[in-house]
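Structural overview
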Amino acid sequence: MASHLSGGKVNVALVQDEYKKDLLRLLSKCEGPKAIVWDKGLEGPVGLIAKYELLRDNEVIKMFPMTGDRLPNVVAKIKNLIFISRPKLSLMDLVAKHIHWEEQSSTNKREFHLFFVPRRSKVCEKFLMTKGVFGTLTFIEEFACNLFPFDSDLMSMELEDAYKEYHLENDPTCLYQVAESVMGLQRLFGTIPAVYGKGAGAKHVCDLMHRMARERMGLEPPQPKIDRLLLLDRSVDLLTALATPLTYEGLIDEIFSINNTTARFPAERYLIPVFYTHSKYLFQIPYTTASTHPPISRFTKADEMLSDMPTQKKKIILNSADELFAEIRDKNFNAVGPTLSRKARLISSQFEERHGEKTVQEMKQFVARLPHMMAAKASLATHTTIAELIKELTDSDDFLESLQTEQEFMNGIDTDRVHPYIEDCIAQKHPLLKVLKLLCMQSITNSGMKAKVLDHYKREILQTYGFQHILTLRNLESVGLLRVQHSSRPYTILRKMLRLTVEDESEITPTDISYVHSVYAPLSVRLAQHLVSPGGWKGMQDILGLLPGPTIEETQLDKQGKDLVGTQPSQTEVVLVFFIGGCTFSEVSALRFLSQREDSNVEFVVCTTKLINGGLFLKSLMEPLSIDINN
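Given the structure is predicted, the values throughout are model-derived calculations rather than measurements.

How each quantity is defined
Residues numbered from 1 in each chain as written. Predicted model: local features only at pLDDT ≥ 70, side-chain atom pairs only at ≥ 80, totals over all residues. Heavy atoms only, no water. Helix = DSSP H or I, 4+ residues; strand = E, 2+ residues; numbered from the N terminus. Buried < 20%, exposed > 50% of the residue type's maximum accessible area, 1.4 Å probe, protein only. Contact = heavy atoms within 4.5 Å. Areas by Shrake-Rupley, 256 points an atom, 1.4 Å probe, with all protein chains shown as cover. Pairing = 2+ DSSP bridges. Axes fitted to C-alpha atoms, helices over the stretch in contact; angles between N-to-C directions. Salt bridge = Lys/Arg side-chain N within 4 Å of Asp/Glu carboxyl O. Polar contact = N/O pair within 3.5 Å; in protein donor to acceptor, adjacent residues only side chain to side chain. Patch = residues over 30% accessible without salt bridge, like charges linked within 9 Å, V, L, I, M, F, W, Y side chains within 5 Å. Expected span 1.5 Å × (residues − 1). Core = buried A, V, L, I, M, F, W, Y, C linked by side-chain atoms within 4.5 Å. Parallel < 35°, antiparallel > 145°, perpendicular 65-115°, else oblique. Left-handed = near helix turned anticlockwise from the far one by under 90°. Nonpolar A, V, L, I, M, F, W, Y, C, P; charged D, E, K, R; others polar.

Observations concerning the overall build of the protein chain
- Looking only at helices and strands, the protein chain has 24 helices and 20 strands in total.
- Here the protein chain holds 631 residues, and 51% of them are scored as buried.
- Long-range pairs, those at least 24 residues apart, make up 77% of the contacts in the protein chain between residues at least 6 apart in sequence.
- Carbon and sulfur atoms form 53% of the exposed surface of the protein chain, whose accessible area is close to 29100 Å².

Looking at the sheet that holds strand 8 (residues 194–198)
- Read from one edge of the open sheet, seven strands run 6-7-19-17-9-8-16, paired in mixed fashion. One side of each edge strand has no neighbouring strand; the edge strands of this open sheet are strand 6 (148–151) and strand 16 (551–555). Adjacent strand axes in the sheet meet at a mean angle of 20°, parallel and antiparallel pairs treated alike.
- Inspection of the sheet shows strand 7 (residues 154–156) paired to strand 19 (residues 602–608) by three bridges, in the parallel sense. If you follow Ser156 over to strand 19, its bridge partner there is Thr608.
- Relative to strand 9 (residues 228–233), helix 21 (residues 523–532) is tilted by about 155°, and along the sheet it contacts strand 8, strand 9, strand 17 (573–580) and strand 19.

Some details on the pattern of salt bridges
- Applying the stated rule across the entire model yields 30 salt bridges.
- Across the pair Glu406 and Lys437 runs a salt bridge whose closest N-O atoms are separated by 3.5 Å. Residue Glu406 is found in helix 15 (residues 397–410), and its partner Lys437 is found in helix 17 (residues 432–445); the two are separated by 31 residues along the sequence. Across the pair, exposure class does not vary: Glu406 and Lys437 are buried alike.
- Note that Lys458 and Glu477 form a salt bridge whose closest N and O atoms lie 3.1 Å from each other. Note that Lys458 is positioned in helix 18 (residues 451–465) and Glu477 in helix 19 (residues 470–478), a separation of 19 residues in sequence.
- Given the relative accessible area of 31%, Glu477 is considered partly exposed.
- One network of salt bridges, with partners in common, ties together Asp151, Asp153, Glu249, Arg329, Asp330 and Arg592.

Description of the pairing of strand 3 (residues 80–85)
- Buried residues dominate strand 3, accounting for six of its six residues.
- Residues Asn80, Ile82 and Ile84 of strand 3 are buried on one face, and the alternating residues Leu81, Phe83 and Ser85, pointing to the opposite face, are buried as well.
- Where strand 1 (residues 34–38) meets strand 3, five bridges bridge the pair, whose relative direction is parallel. By the bridge assignment for strand 3, Lys34 is matched with Asn80.
- Pairing analysis gives six bridges linking strand 3 to strand 4 (residues 111–116), with the strands arranged parallel. Following the sheet pairing, Ile84 is matched in strand 4 by Phe115.

Here we look at the sheet that holds strand 1
- Read across the sheet, five strands follow the order 2-1-3-4-5 without closing on themselves; strand pairing throughout is parallel. The sheet terminates laterally at strand 2 (60–65) and strand 5 (137–142), the two strands that pair on one side only. Direction aside, neighbouring strands of the sheet carry axes that sit 20° apart on average.
- Where helix 4 (residues 89–105) meets the sheet, its contacts fall on strand 3, strand 4 and strand 5, and the angle it forms with strand 3 comes to roughly 170°.

So, the side chain of Asp153
- Here Asp153 shows up in the loop between strand 6 and strand 7.
- A polar contact of 2.8 Å, which involves the side chain of Asp153, links it to the side chain of Arg592.
- Residues in contact with Asp153, not counting those within four places in the same chain, are Val12, Arg592, Phe604, Val605 and Val606.

Things to note about the environment of Ile82
- Assignment of secondary structure puts Ile82 in strand 3.
- Relative accessible area serves as the criterion here: at 0%, Ile82 is assigned to the buried category.
- Distance from Ile82 to Cys30, taken between C-alpha atoms, is 8.7 Å for residues 52 residues apart in sequence.
- When neighbours within four sequence positions are excluded, Ile82 is seen to be in contact with Leu27, Cys30, Lys34, Ala35, Ile36, Val37, His113 and Phe115.

A closer look at a nonpolar patch on the surface
- On the surface, Ile493, Met497 and Leu546 cluster together into a nonpolar patch covering about 260 Å² of accessible area.
- For Met497, the position within the fold is in helix 20 (residues 490–497).

Description of helix 7 (residues 173–189)
- If you check helix 7, its first and last C-alpha atoms are 25 Å apart, about what 17 residues at 1.5 Å a residue would give, namely 24 Å.
- Counting buried residues along helix 7, 13 of its 17 residues qualify, which places the element largely inside the surrounding structure.

Description of the nonpolar core
- Counting 161 residues, the largest nonpolar core has Ile252, Leu481 and Phe578 as the members making the most contacts within it.
- It is helix 17 that provides the largest number of residues to this core, a total of nine residues.
- Excluding anything up to four places from it in sequence, Phe578 contacts Leu147, Met157, Val178, Ser181, Val182, Leu229, Leu230, Leu231, Leu232, Cys607, Thr608 and Thr609.

Topic: the packing of helix 10 (residues 248–256) against helix 14 (residues 360–394)
- For the pair helix 10 and helix 14, interaxial distance at closest approach is 11 Å and the crossing angle is 65°. In this view, helix 10 runs roughly perpendicular relative to helix 14, as classed from their interaxial angle. The chirality of how helix 10 crosses helix 14 is left-handed. On helix 14, the residues touching Tyr248, Leu251, Ile252, Ile255 and Phe256 of helix 10 are His383, Ile386, Ala387, Leu389, Ile390, Leu393 and Thr394.
- Per-class residue counts for the contact of helix 10 with helix 14 are 10 nonpolar, two polar and no charged.

Examining the environment of Val117
- Here Val117 shows up in the loop between strand 4 and helix 5 (122–130).
- Sequence separation between Val117 and Asn146 is 29 residues, and the spatial gap between their C-alpha atoms is 7.9 Å.
- Once you skip the residues sitting within four places of it in the chain, Val117 turns out to touch Leu42, Ile84, Ser85, Arg86, Pro87, Phe143 and Cys145.

A word on unusual backbone geometry
- Following Val117, the chain continues into Pro118 via a peptide bond in cis, with omega recorded as 5°.
- With respect to the helices, strands and loops of the structure, Pro118 is situated in the loop between strand 4 and helix 5.
- Positive phi is not limited to glycine here, since Glu59 has a value of about 70°.
- Assignment of secondary structure puts Glu59 in the loop between helix 3 (52–57) and strand 2.
- Take Glu59: its relative accessible area is 40%, and that puts it in the partly exposed class.
- One non-glycine residue with positive phi stands out, namely Asp504, at about 60°.
- Along the chain, the position of Asp504 falls in the loop between helix 20 and helix 21.
- Given a relative accessible area of 78%, Asp504 falls into the exposed group.

Next up, the structure:
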């Protein structure tokens, strides 16, 4: 079976293979049995590149998350202890503590190693010197893994604070990493002939790419496989980052959160209990055979099992390796139910075939298809359950009222006054994230608020949720999510000129990208759509001028100084869209929709600093002064 990472002109599996080779090269330097202590933020992403089996084959016998607790005693018997960490001082403090603990508890000859991801840090090395452990480290290496492949058309850097660091703290470090990522892709897939971009972050990355290209003039890249690069600073389109997605995958992320292609769901929804009248025991029948949990004892005391169920979570991997998920992930949620019903009828009819009269040859063919049919049945059961869980929330009055308010703002309705629904949410002390999200959406769609309206909201929030949140409100104002209205109203003009809101668009058989939010077309994807249409961004200067930051339209030259644009004839054009500051699942779905249209000859590949949703985006900008931001 082909990997879910392979496909198209740009084979994302090549990126995975390059990083895998680099990691194995580093591990080979540490001879003998190894234990790895992971930075918790890297355990999932690096796990996408190097599976446990691969690490085990290279003498990695134990793996642990990096915490403030001592490692188990069994580690003392393992020769090599390898720390794999991002270059953060808080993590270096943990590395130093673990080395001191291990030196105190073990008399065996040990070797300690540190692999920085994605690059070494002089500041961190000096910190380790002050802690007295720098000289103890045998190898200090750099695992230059900038992009983690999530799917055949999707890669993420997993930099959760990139937007905050650049736009709030004025730290451009993440932009250097973005430029490094693009240069790495060009080493694999050739120099990208045309570069476009919008926003201050995009311009900064483009300048860094020029500098890096000059420094690496001696390298000979392969023939270009990517035709255009589109760099988009998240600040260009803040509304899409906050809007509630209405695609299947987007809602899974919004409600349950998808981390490194994996989501967790209530385990009890995947068990069908059958009670026996003659015994105080429960016989558990798995609802799906795709469980990633260890086998549970078939007989358990009913009261014990039921009391344990609420704390259990079922992990499900969500990528295009699952054929059914690949089919429904980008659909509007209202189109998922009919698709699942059609699949159920198809699978049922396939299984019914076994009852008819069959020749030996036909029976062999049926048996050969059986594993695939069983996998399809298990997948259908899994996604039917997930869809039911989502529907329970999307049918609730709270969700529908909040969504209606969002869509009113997108259409420019009631954006210039204190909104009664937001006031009610504050009065009833709804989760602060929900209130801030609606508040920011109102500010963006009204191109700012009247001073008295903004002051009223801020006063109500501080009095209800606590004055510690004044710093969070300040942050939101600093990055432009909340602001006082000036004379210009760019959103109103952009909404009309770019058709950002589309009424009466079919959610079942859509013809426009607005289906991902049922009403609103992501501005970022509209820009990509115009870029690949005849004429590109020519004639759009007035529209682009309404958006923040500079506009980039450049061509890159080959080693001989020749223009690469148009030198690679191809039936399909490949466009790499790089979101700087985060990308939502609705944007990924909208770009896939454009690629899959019958009249399309464009293939989009998406890279981002982080896959985000409205909650994650706002959390990254909040000051962590409250224990529970939902209260």
